Amino acid sequence: MTVLDRVAAWVSVPAPRPGAAIRLLCLPYAGGGSVEYNQWADLLPGTVEVRPVHLPGRERRIRERARTRMAELVPELADALEGETASPYALFGYSMGAWVAFELARELRRRGAPAPRALLAAAAAPPHGPRSAAMFDAPEAELVGWMRRLDGSAGMPLDDPRLLAVVLPRVRADLEITDTYLPEPEPPLDLPLRVYTGTDDEVVPVEHAGLWAAQATGDFGLRVLTGGHFFLHERRTELLHHIARDLEV
């Protein structure tokens, strides 16, 4: 498989912008997919090219085995992005995706690859901070109830037993990534770090989101938006306004 083939398997470009100043690689929340980001280009400047990341076990990669460990997923992703880091890029991750983006930035640093222009982390406490109880192995009723409370179904068929049987394994696999992830001690990243959090997020209180500051030596900014854990849906326009300003292009 060529470098281009590997990139195409992992990354899509729903709205190509060959003259863009920066590529924004977007990583999903647990159970989510690239579809969340397909319309972002409509609300971001023409200088930003949105590139959603496709993780195994969902959407066009539904036949592949979902990964359950950060130590397996991130090196594969770094391999696939070998040709992406030569041009200016930034990493955005939502909830689980924020931790994947963070660890990806560290993995790329270990390899001596060009660093992202910025790391954008949303709806996530830093990996070294306080954690919620593990949910990946919770009984089905408890897990579904937890998803309802977070309002994170985002159209997921939580009332259809047949479709739920397809969705829940993907959610459990993603939660296993975060519930088992323990980052190795490493120096802070030398890059700008922006963190976005919701005022009413029961998973990530605002004071926990602020602890991300310890993970980077570059400029740090905390953006607080009205809403719960999935302000991605509730405040999309506002979130993208902040992202556009934070990328400074």
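Up top is the structure these notes are about.
Throughout what follows, the structure given in this document is the object of discussion. (Residues numbered from 1 in each chain as written. Predicted model: local features only at pLDDT ≥ 70, side-chain atom pairs only at ≥ 80, totals over all residues. Heavy atoms only, no water.)

## Quick notes on helix α8 (residues 236–247)
Side chains of residues three or four places apart in an α-helix project in the same direction, reflecting 3.6 residues per turn. Stated precisely, the cut-off is as follows: The numbering of helices and of strands both runs from the N terminus, where a helix is a DSSP run of H or I of at least 4 residues and a strand a run of E of at least 2. The span you would expect from a helix comes to 1.5 Å times its residue count less one. Exposure classes here rest on a 1.4 Å probe applied to the protein chains alone. A residue is buried below 20% of its type maximum, exposed above 50%, and partly exposed in between. It is the directions from the helix axis to the C-beta atoms whose arc is reported.
When the terminal C-alpha atoms of α8 are compared, their 16 Å separation across twelve residues agrees well with the 16 Å that a helix rising 1.5 Å per residue should span. For α8, every residue scored as buried is listed here: Leu239, Leu240, Ile243, Ala244, Asp246 and Leu247. What you see down the axis of α8 is that its buried residues fit within an arc of 165 degrees, all on one side. Those residues of α8 that are exposed and angled more than 90 degrees off the buried face are Thr237 and Arg245. Directly beyond the C-terminal end of α8, a positive phi value near 55 degrees is found at Glu248.

## Thoughts on the packing of aromatic side chains
Definition in use: Note on ring pairs: Phe, Tyr and Trp rings are taken, using the six-membered ring of Trp, and paired if centres are within 6.5 Å. Classes follow the plane angle, with under 30 degrees stacked, over 60 edge-to-face and the rest tilted. The rule for a charge over a ring is simple: NZ of Lys or CZ of Arg within 6 Å of the ring centre, and within 35 degrees of the ring normal.
The tally for this structure, following the rule as stated, stands at ten aromatic pairs. Arranged with centres 4.8 Å apart and planes meeting at 90 degrees, the rings of Tyr37 and Trp40 form a pair that is edge-to-face. Each member of the pair Tyr37 and Trp40 is classed as buried. Each residue in the set Tyr29, Tyr37, Trp40, Phe92, Tyr94, Phe230 and Phe231 is aromatic and connected to the rest through ring pairs, giving one cluster. Above the ring of Trp10, the side-chain terminus of Arg61 is found at 4.2 Å from the ring centroid.

## Topic: the pairing of strand β4 (residues 119–122)
Moving residue by residue along a regular strand, the side chains alternate between the two faces of the sheet. Our working definition: Handedness of a crossover is defined as follows: orient the strands so they point away from the viewer, and if the path from the first strand over the helix to the second runs clockwise, the crossover is right-handed. Pairing between two strands requires that DSSP report at least two bridges joining them.
What you see with β4 is no split at all: Leu119 and Ala121 on one side and Leu120 and Ala122 on the other are buried throughout. Read as a crossover between parallel neighbours, the route from strand β3 (residues 89–94) over helix α3 (residues 96–110) to β4 is right-handed. Here four bridges tie β4 to strand β5 (residues 193–198), and the two strands are oriented parallel to one another. Pairing of Ala122 across the sheet is with Tyr196, part of β5.

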